[in-house]
Amino acid sequence: MISLFAKQDILNLSDQKLSDWFKTNKIASFHLKQIKKWIYLKNSESFYEMTDISQKTREILEKNFCIGSLEKSKVRKSKDGSKKYLFKLKDNNYIESVLIPEKNHYTLCISSQAGCAQGCKFCQTAKLGFIRNLSKAEILSQIINVKADLKARKKLTNLVFMGMGEPLANLSNLILSLNIITDSKEGLSFSKRRVTVSTCGVVSNFQELARNTEARLAVSLNAADNKTRDMLMPINKKYPMETLIEACKNYPLKPRDRITFEYVLLKNINDSEKDAKKLIKLLKGVKGKVNLIPFNKHCKSEFEPPNFNTVLQFQKILSDNNITAIIRNSKGSDISAACGQLAASY
Ligand code: SAH
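Chains are numbered independently. Their residues run from 1 in the order of the written sequence. It should be noted that, the model being predicted, local features are given only for residues of pLDDT at least 70 and side-chain atom pairs only at 80 or more, the latter also being counted only at that level, while totals for whole chains, interfaces and linings use all residues. To obtain the side-chain values, all non-hydrogen atoms of the structure were used and water was disregarded.

So, on to the overall build of the protein chain. A tally of helices and strands in the protein chain yields 11 helices and 14 strands. With the radius of gyration taken over C-alpha atoms, the globule rule is written as 2.2 Å times the number of residues to the power 0.38. In summary, the protein chain has a C-alpha radius of gyration of 21 Å against a globular reference of 20 Å for 346 residues, a match within 12%. The principal-axis extents of the C-alpha atoms in the protein chain amount to approximately 70 × 40 × 40 Å. A 1.4 Å probe rolled over the protein chains alone gives each residue an accessible area, and that area as a share of the maximum for its type sets the label: buried under 20%, exposed over 50%, partly exposed in between. Residues classed as buried in the protein chain amount to 53% of the 346 residues present. Should any heavy atoms of two residues lie within 4.5 Å, those residues are counted as being in contact. A sequence separation of at least 24 residues applies to 64% of the contacts in the protein chain between residues at least 6 apart. The protein chains shown are the only cover counted for residues, whose accessible areas, like all others here, come from Shrake-Rupley with a 1.4 Å probe. Carbon and sulfur atoms provide 50% of the accessible area of the protein chain, an area that totals close to 17100 Å². Working convention for charge: Lys and Arg count positive, Asp and Glu count negative, and His plus the chain ends are omitted. The atom standing in for a charge is NZ when the residue is Lys, CZ when it is Arg, CG when it is Asp and CD when it is Glu. One finds the centroid of the 57 positive side-chain charges in the protein chain at a distance of 3 Å from the centroid of its 33 negative side-chain charges. In DSSP terms, a helix is any run of H or I states spanning at least four residues, a strand is any run of E spanning at least two, and both are numbered starting from the N terminus.

Grouped together as the largest cluster of nonpolar side chains are 106 residues, with contacts concentrated most on Phe122, Ile181 and Phe261. As annotated, the domain borders come from an automatic or database domain assignment. Each of domain 1 (9-66) and domain 2 (71-335) contributes no fewer than three residues to this core. Excluding its chain neighbours within four sequence positions, the residues that come into contact with Phe122 are Asn222, Leu232, Met233, Val264, Leu266, Phe295, His298 and Phe303. We define the nonpolar core as a collection of buried residues of types Ala, Val, Leu, Ile, Met, Phe, Trp, Tyr and Cys that are connected through side-chain atoms lying within 4.5 Å of one another.

Moving on: the sheet that holds strand 4 (residues 83-88). Taken together, the 10 strands give an open sheet; going across it, the order is 3-4-5-6-9-10-11-12-13-14, and neighbouring strands pair in mixed fashion. Edge positions in the open sheet fall to strand 3 (71-77) and strand 14 (325-327), since each of these has one partner strand only. Taking each pair of neighbouring strands and ignoring which way they run, the sheet shows an average axis angle of 25°. Note on geometry: axes are lines fitted to C-alpha atoms, helical ones only across the stretch in contact, with angles between N-to-C directions running from 0 to 180 degrees. Docked against the sheet, helix 11 (residues 308-320) engages strand 12 (259-265), strand 13 (288-294) and strand 14, running at close to 165° with respect to strand 14. Strand pairing requires that DSSP identify at least two bridges connecting the strands.

Where strand 3 and strand 4 come together, six bridges link them in antiparallel fashion. Bridging from a neighbouring strand, Glu71 pairs with Lys88 of strand 4. In this antiparallel pair of consecutive strands, strand 3 and strand 4, the connection spans five residues, and Gly81 shows a positive phi of 95°. As paired strands, strand 4 and strand 5 (residues 94-101) are joined by six bridges and run antiparallel to one another. Bridging across to strand 5, Lys83 finds its partner in Leu99. Turn length for the strand 4-strand 5 hairpin, with the two strands adjacent in sequence and antiparallel, is five residues, and the turn residue Asn92 shows positive phi of about 70°.

The next point concerns the site of the ligand. We call a residue near a given molecule or strand whenever any one of its heavy atoms falls within 4 Å of it. In the vicinity of the ligand there are 20 residues, among which Ser198, Ser220, Asn222, Asn296 and Gly340 approach most closely. Polar contacts here mean pairs of N or O atoms no more than 3.5 Å apart (in protein, one a potential hydrogen donor and the other a potential acceptor; neighbouring residues in sequence count only if both atoms are side-chain atoms). Here a nitrogen atom of the ligand sits 3.0 Å away from a polar atom, N or O, in the side chain of Glu166. One of the backbone nitrogen or oxygen atoms of Asn296 is found 2.9 Å away from a nitrogen atom of the ligand. Relative to its unbound accessible surface of 540 Å², the ligand loses 96% to contact with the protein. For the shell around the ligand, the elements supplying multiple residues, two or more each, are strand 10 (195-199) and strand 12.

Helix-helix packing is characterised by the crossing angle of the two axes and by the distance between the axes. Where helix 10 (residues 273-282) contacts helix 11, the axes come no closer than 9 Å and their chain directions differ by 30°. Classed by the angle they form, the pair helix 10 and helix 11 counts as roughly parallel. The element helix 10 and its partner helix 11 pack so that their crossing is right-handed. The residues of helix 11 that touch helix 10, namely those facing Glu273, Asp275, Ala276, Lys277, Leu279 and Ile280, are Phe314, Ile317 and Leu318. Here the nonpolar group is Ala, Val, Leu, Ile, Met, Phe, Trp, Tyr, Cys and Pro; Asp, Glu, Lys and Arg are the charged ones; every other residue, Gly included, is treated as polar. Within the contact of helix 10 with helix 11, the residues separate by chemical class into six nonpolar, no polar and three charged. Reported orientations rely on four angle classes, namely roughly parallel under 35 degrees, roughly antiparallel over 145, roughly perpendicular from 65 to 115, and oblique for the rest. In this scheme, a crossing is called left-handed if the near helix is turned counterclockwise away from the far one by less than a right angle; it is called right-handed if the turn is clockwise.

Turning to helix 4 (residues 136-149), a few remarks are in order. Along an α-helix, residues three or four positions apart point the same way, because every turn accommodates 3.6 residues. Multiplying 1.5 Å by the residue count of a helix minus one yields the expected span of that helix. Counted at 1.5 Å a residue, the expected span for helix 4 with its 14 residues is 20 Å, and the 21 Å between its end C-alpha atoms agrees. Burial in helix 4 covers these residues: Lys136, Ala137, Glu138, Ile139, Leu140, Ser141, Gln142, Ile143, Ile144, Asn145, Val146 and Lys147.

With domains assigned, the protein chain is organised as domain 1 (9-66) and domain 2 (71-335). A separation of 34 Å is found between the C-alpha centroids of domain 1 and domain 2. Domain 1 puts 11 residues into the contact, and the matching count from domain 2 is 14 residues. Basic side-chain nitrogens of Lys or Arg form a salt bridge, by our definition, when they fall within 4 Å of a carboxyl oxygen of Asp or Glu. In this structure, the connection of domain 1 to domain 2 is made through two salt bridges. A salt bridge links Glu186 to Lys36, with the nearest nitrogen and oxygen atoms 2.8 Å apart. The tally of links between domain 1 and domain 2 comes to six residue pairs in polar contact (both at pLDDT 80 or more). With four residues, the single largest contributor to the side of domain 1 that touches domain 2 is helix 2 (residues 31-41). Looking at side-chain class alone, the side of domain 1 that touches domain 2 contains four nonpolar, two polar and five charged residues.

As structure tokens, this is what we get:
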């Protein structure tokens with residue numbers, strides 16, 4: 001039976017809203033701090049576990065709220081150790097998150113939308129089209145769920161918004177969730193330097209993101225001229241490269257910070273020596289570094305990755321011209337968990 005009065009997800013409510021609700025329901029306001037500690041620090045998934053709160057109050061909370069609204073529906077493990085989590089949303093849509101083991105820590109790649117409206121030609125998520133924005137709770141629940149699954153929870157230190165969707169097209173929920181993610185007193189306590197928001201270039205929202213958060217910015221450039229970028233990424237028609245680069249130059253950065261430019265290398269499309277030289281010119285005067293990502297093949301695309309020598313050559317041209325360029329071989333390709341392969345095909 002479907003309840004007409006579905007419980008509200010407590011993760012979606014602001015402190016103010018909760019405090020008001022507590023007042024109306026005669027619950028002491030100091031419980032708010034305790035609840036946040038249980039959820040964000042101790043990973044509690046039920047109010048019954050919150051043993052420093054009276055039984056009666058816990059029952060009231062349990063009756064009225066839930067903690068997180070994702071259902072873990074499938075976990076697949078890659079040969080390289082990365083794990084793909086498939087989550088079912090309350091409205092029966094699906095999203096995915098990917099846990100990537102690094103040398104001494106884990107990075108979690110999370111989704112900001114179900115599907116995506118951006119239509120980038122090389123990306124598998126794009127083929128789903130746009131379904132909807134994720135709520136603040138659905139963004140946070142991905143982290144809480146994966147943490148619950150991890151023995152070494154403290155090692156989950158890095159977070160990237162590089163899963164399904166365009167984070168800057170879901171700006172308000174992105175900001176709300178980031179503020180909990182980097183809250184070191186009552187939130188999830190991720191270091192600001194270890195949280196990265198990746199955008200295809202929704203330039204109109206850059207300044208608002210900077211004003212409200214301190215997450216790092218990554219920009220998916222993927223081409224070195226407008227003609228190629230127009231063909232690959234429809235957003236380029238709205239915000240051509242000159243506008244995008246100008247917005248990057250105006251993005252407020254701390255002295256040590258740089259913007260990461262992601263560049264998916266596609267065979268015979270954007271991988272030539274000429275492209276590398278154009279990229280150098282384009283990035284002149286921008287505080288940035290480049291992540292080169294050889295294209296991850298998927299069945300819904302005609303594109304191919306370049307051969308490895310071409311990738312190395314491209315990197316060398318950038319490095320020789322004082323641009324830091326790192327080759328990022330995406331993990332999890334055997335379980336379709338690599339960049340651009342998230343499509344929740346269930
Ligand atoms: N919408 C955001 C975040 C999701 S895409 C953005 O565009 O940045 C995350 C990264 O994966 C982007 O840099 C994108 O260019 C890259 N990507 C998408 N499909 C890919 C594929 N098939 N192979 C390699 N990288 C891909």
